[in-house]
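Here's the letter readout for the chains.
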Amino acid sequence: MRSDDPATPSAEHDDRLDGRDETRNERADRNWEELLQELRVMQTGTQILTGFLLAVAFTPRFEDMDEFQRDVYVVLVALAALATILALAPVGMHRALFGSSRKPELVLVAARIVKIDLVAISALTIGVTTLIIDFTVDRAAGLIALVSSLVGVLLLWLVLPRLVRREADRRREVDRG
């Protein structure tokens, strides 16, 4: 039973410093919904890239690919399959654990799977871009696309979040002092 005094913690009260007053299960439900939204976006992109890759093999120009391009293509198809499987894993886990009061654990594992899937999808996207540029322009342009895409992902996924955190920390310090 919870006390009416918000300063009095209870066994169910989640006393994290994010300003939310929710139980462990309420937090797990909210985080699960957020993960599902992320998975919906990821699955759409993955489905489009996978469809593109599968269609390529049945086009007349597929035979024009050199050995390197075909090797990259096969790796990308495998990566697309892996990304799809990873995106479906949290849903399968949810189904297997449904009704067993394990949602906090499910959210923890699913969040890790989503991170791995994001890496797979970024590699897939970079690879598809590289393959297309390599095939339509030339190898040098393909390598430039590879490096540019990789730098873009690193900037957006590693550098930008650090800058946002640093700015938020700076603002909190200013607000306190």
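Residues numbered from 1 in each chain as written. Predicted model: local features only at pLDDT ≥ 70, side-chain atom pairs only at ≥ 80, totals over all residues. Heavy atoms only, no water.

1. A short note on the packing of helix H1 (residues 24-56) against helix H3 (residues 103-136)
Now for step 1: The geometry of H1 relative to H3 is characterised by a closest axis approach of 9 Å and an angle of 20° between their N-to-C directions. Classified by the interaxial angle, the pair formed by H1 and H3 is roughly parallel. When the axes of H1 and H3 are compared, the crossing they make is left-handed. (Axes fitted to C-alpha atoms, helices over the stretch in contact; angles between N-to-C directions. Helix = DSSP H or I, 4+ residues; strand = E, 2+ residues; numbered from the N terminus. Parallel < 35°, antiparallel > 145°, perpendicular 65-115°, else oblique. Left-handed = near helix turned anticlockwise from the far one by under 90°.)

2. As for the packing of aromatic side chains
Now for step 1: Scanning the model with the defined rule gives 1 aromatic pair in all.
Now for step 2: Ring geometry for phenylalanine 62 against tyrosine 73: centres 5.1 Å apart, planes inclined by 70°, an arrangement best described as edge-to-face. With phenylalanine 62 in the loop between H1 and helix H2 (67-97) and tyrosine 73 in helix H2, this residue pair connects regions lying 11 residues apart in the sequence. You'll find phenylalanine 62 and tyrosine 73 in the same group, each marked buried.
Now for step 3: Here the guanidinium or amino end of arginine 95 rests over the ring plane of phenylalanine 98, the centre of that ring lying 4.6 Å away. (Phe/Tyr/Trp six-rings, centres within 6.5 Å; stacked < 30°, edge-to-face > 60°. Buried < 20%, exposed > 50% of the residue type's maximum accessible area, 1.4 Å probe, protein only. Lys NZ or Arg CZ within 6 Å of the ring centre and 35° of its normal.)

3. Overview of the nonpolar core
Where a protein is soluble and globular, its nonpolar side chains tend to be buried together.
Now for step 1: Grouped together as the largest cluster of nonpolar side chains are 28 residues, with contacts concentrated most on Trp32, Leu53, Tyr73 and Leu124.
Now for step 2: For this core, the secondary-structure elements that each account for two or more residues are H1, H2 and H3.
Now for step 3: Of all the elements, H3 adds the most residues to this core, at 10 residues. (Core = buried A, V, L, I, M, F, W, Y, C linked by side-chain atoms within 4.5 Å.)

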